[in-house]
Amino acid sequence: MDKAKPWVISKQWVWEAYKRVKASGGAAGVDDQTIEEFERDLKNNLYKLWNRMSSGSYFPPPVKRVQIDKREGGKRLLGVPTVSDRIAQAVVKGYLEPGLEKYFHPDSYGYRPKKSALDAVGMARQRCWRYDWALHLDIRRYFDSIPHELLLKAVRKHTDCGWVLLYIERWLRAPVQLEDGTLEPREKGSPQGSVVSPLLSNLFLHYAFDRWMALNHPDVPFERFADDVLCHCGSEQQARELKEHLERRFAECGLELHPQKTQIVYCKDEDRREEYPNTTFDFLGYAFRARRSKNRWGKFFVNFSPGVSNAATQAIRDEIRNWQLRCRIDRWVDDLARMFNPIIRGWMNYYGRYYKSALYPTFRYLDLCLAHWAMAKYKRLRGHRRRAREWVRRVVSRDPTLFAHWSILHRAAAGR
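Residues numbered from 1 in each chain as written. Predicted model: local features only at pLDDT ≥ 70, side-chain atom pairs only at ≥ 80, totals over all residues. Heavy atoms only, no water.

### Here we look at the sheet that holds strand E11 (residues 300-308)
With respect to topology, three strands assemble into an open sheet ordered E9-E10-E11, the strand pairing being antiparallel. Two strands in the sheet have a free side with no partner beyond their single neighbour: strand E9 (281-283) and E11. Taking each pair of neighbouring strands and ignoring which way they run, the sheet shows an average axis angle of 50 degrees. Where strand E10 (residues 286-294) meets E11, nine bridges bridge the pair, whose relative direction is antiparallel. Looking at the pairing, serine 293 lines up with phenylalanine 301 of E11. (Pairing = 2+ DSSP bridges. Helix = DSSP H or I, 4+ residues; strand = E, 2+ residues; numbered from the N terminus. Axes fitted to C-alpha atoms, helices over the stretch in contact; angles between N-to-C directions.)

Structure representation (structure tokens):
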């Protein structure tokens, strides 16, 4: 029988946390231990974690720093905790999140149950039709800049649970292991890539932005997905004043608005015909701009709407190139469809929700890559691009649902 522990942490909580971490997957941390390796001695590993957390002797290992490419260029720094540490963080998140949810703003969409990025895009679309101006905020290096003391103050406002506060503070101060193995102390910020970081970052902006807006600018609706924020204004003057107020507000909270990427945008459409240098912005993978649309009576008009952004389409094309289809001549076309349809459906489900015709050029590029694959596989098609494209069209005619994107791309082509 286990001796009494200073902290009451249920073993069931640890088990549920492990299942969530396993479902999410993820890379190994500084100990190079994968989830599969952790599971080889699962019972003992979970018991040791529970025992240390319950006794207060759990100290998180350093966070492994990795760099990934941003869609818009540059690198994004991520912090990858160990598998065991991700489970420990999931225990705290599972304890803390249900109590915080009821306080969060309805227009905060990031990393919340029953809310999604597409919900935020849809609401932004509606409000851009009602408001002439938008203020798109870019917080410079948000996750790396959160002041620890202000964040812990926000956490203490919602819980006095000793072990939750203890481990959150330890996670915030855990050093980062750089690619050369050296350790870098962390005085501020909450690393992207950790399990508990999205919840903590949401809580910080709940007080730094959401509640502040409700108290000081209740007439300005907004959508916020983590640190990506869009505000809607009735005039350019209102947008400029709001920008100045928010610059001061974020400075008070230890944050900075990016001076170039934060922009005021005129939501130009058929009825708004003023000239302004900024008439488009990107939000959550969608480019909002004036687009030609058709109403229910078949009449064309121009409205301000979202469609897949150039950065997102470039990322999709890069992913397709990474498939290296011309190197897969050992496969049949049916095999390729089974391999890549889940990814294609993901693109369609997300980027095809609004103005899906913006996806057509990218899907035509995918068909071109399939034609190149056919040229590499079949001797009679080698060097004959036109014949290879005709081969793709014959496959479409024979089985129009073989590749997921054919259901919209070639149906649209047939309708022209």
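From this point, the discussion proceeds with the structure in view.
### Notes on the environment of glycine 189
In this fold, glycine 189 is placed in the loop between strand E5 (183-184) and helix H9 (197-216). By relative accessible area, glycine 189 is classed as buried at 1%. If sequence neighbours within four positions are ignored, glycine 189 has contacts with Phe143, Asp144, Ser145, Ile146, His148 and Leu172. (Buried < 20%, exposed > 50% of the residue type's maximum accessible area, 1.4 Å probe, protein only. Contact = heavy atoms within 4.5 Å.)

### Details of the side chain of histidine 232
Position of histidine 232 among the secondary structure elements: in strand E7 (residues 228-233). Within the structure, the side chain of histidine 232 is placed 2.8 Å from the side chain of glutamate 223, a separation counted as a polar contact. When residues no more than four places from it in sequence are discounted, the contact partners of histidine 232 are Ala124, Arg127, Cys128, Tyr131, Trp133, Val220, Pro221, Phe222 and Glu223. (Polar contact = N/O pair within 3.5 Å; in protein donor to acceptor, adjacent residues only side chain to side chain.)

### Remarks on the packing of aromatic side chains
In the structure shown here, the tally under the stated rule is 27 aromatic pairs. Seen in terms of ring centroids, tryptophan 323 and phenylalanine 340 are 4.0 Å apart; in terms of plane orientation they differ by 15 degrees. Their pairing is stacked. Placement of the pair is tryptophan 323 in the loop between helix H11 (310-322) and helix H12 (333-351) and phenylalanine 340 in helix H12, with a sequence separation of 17 residues. Pair check on accessibility: tryptophan 323 and phenylalanine 340 agree, each one buried. Through a chain of ring-to-ring contacts, three or more aromatic side chains come together here, namely Phe281, Phe283, Phe288 and Phe304. Across the ring face of tryptophan 332, the terminal group of lysine 377 is positioned such that the distance to the ring centre comes to 4.2 Å. (Phe/Tyr/Trp six-rings, centres within 6.5 Å; stacked < 30°, edge-to-face > 60°. Lys NZ or Arg CZ within 6 Å of the ring centre and 35° of its normal.)

### Regarding the nonpolar core
With 67 residues, the main nonpolar core has Met53, Ile87, Ile168, Phe209, Cys231 and Leu246 as its most contacted residues. When sequence neighbours within four positions are dropped, the list of residues in contact with isoleucine 168 reads Val92, Leu96, Leu152, Val155 and Leu200. Ranked by size, the runner-up nonpolar core spans 58 residues in total, among them Val121, Ala134, Tyr351 and Trp391. (Core = buried A, V, L, I, M, F, W, Y, C linked by side-chain atoms within 4.5 Å.)

### Points about a negative patch on the surface
A contiguous patch of negative charge, built from Asp31, Asp32, Glu36 and Glu37, is present on the exposed surface. Mapped onto the secondary structure, glutamate 37 falls in helix H2 (residues 35-39). (Patch = residues over 30% accessible without salt bridge, like charges linked within 9 Å, V, L, I, M, F, W, Y side chains within 5 Å. Areas by Shrake-Rupley, 256 points an atom, 1.4 Å probe, with all protein chains shown as cover. Salt bridge = Lys/Arg side-chain N within 4 Å of Asp/Glu carboxyl O. Lys, Arg positive; Asp, Glu negative; His and termini not counted. Charge placed at Lys NZ, Arg CZ, Asp CG, Glu CD.)

### Some thoughts on the sheet that holds strand E3 (residues 133-138)
Read from one edge to the other, the open sheet built from four strands follows the order E6-E7-E3-E8, with strand pairing classed as antiparallel. Pairing within the sheet leaves two strands with one partner each, and these edge strands are strand E6 (222-225) and strand E8 (263-266). With strand direction ignored, the average angle separating the axes of adjacent strands in the sheet is 15 degrees. Pairing of E3 with E7, which is carried by six bridges, proceeds in the antiparallel orientation. From the neighbouring strand, aspartate 138 faces E7, where its bridge partner is aspartate 228. Packed on one face of the sheet, H9 meets E3, E6 and E7 and runs near 175 degrees to E6.

### Focus: helix H3 (residues 42-55)
Note that an α-helix has 3.6 residues per turn; residues three or four places apart therefore point the same way. For H3, which comprises 14 residues, the first-to-last C-alpha distance of 20 Å matches the rise-based estimate of 20 Å (1.5 Å per residue) to within 8%. Buried residues along H3 sit in contact with helix H1 (11-24), H2, helix H4 (83-101) and helix H8 (162-173). (Expected span 1.5 Å × (residues − 1).)

### Quick look at the environment of proline 60
Mapping proline 60 onto the fold places it in the loop between H3 and strand E1 (63-69). Accessibility expressed as a relative area gives 15% for proline 60, which makes it buried. Considering only alpha carbons, one finds proline 60 and tyrosine 167, 107 residues apart in sequence, at a separation of 8.3 Å. Ignoring any residue separated from it by four or fewer positions in sequence, one finds proline 60 in contact with Asp85, Arg170, Trp171 and Ala174.

### Brief notes about H12
In the structure, H12 departs most strongly from a straight axis at phenylalanine 340, where the bend amounts to approximately 50 degrees and where the proline proline 342 lies between one and four residues downstream. Within H12, the full set of buried residues consists of Val333, Asp335, Leu336, Ala337, Phe340, Asn341, Ile344, Trp347, Met348 and Tyr351. (Bend = angle between axes of the 7 residues up to and from the residue.)

### Here's the deal with the packing of H4 against H8
Two elements in contact, H4 and H8, have axes separated by 11 Å at closest approach and are oriented at 135 degrees. Between H4 and H8, the crossing angle belongs to the class labelled oblique. Where H4 crosses over H8, the handedness of that crossing is left-handed. Facing H4, whose interface residues are Asp85, Ala88, Gln89, Val91, Val92, Tyr95 and Leu96, H8 presents Trp163, Val164, Tyr167, Ile168 and Trp171. Split into classes, the residues belonging to the contact of H4 with H8 amount to ten nonpolar, one polar and one charged. (Parallel < 35°, antiparallel > 145°, perpendicular 65-115°, else oblique. Left-handed = near helix turned anticlockwise from the far one by under 90°. Nonpolar A, V, L, I, M, F, W, Y, C, P; charged D, E, K, R; others polar.)

### Observations concerning unusual backbone geometry
With phi around 55 degrees, leucine 284 is a residue other than glycine that occupies positive phi space. By the element assignment, leucine 284 lies in the loop between E9 and E10. The phi dihedral of glutamine 324 falls on the positive side, at around 50 degrees, and the residue is not glycine. Mapped onto the fold, glutamine 324 is located in the loop between H11 and H12.

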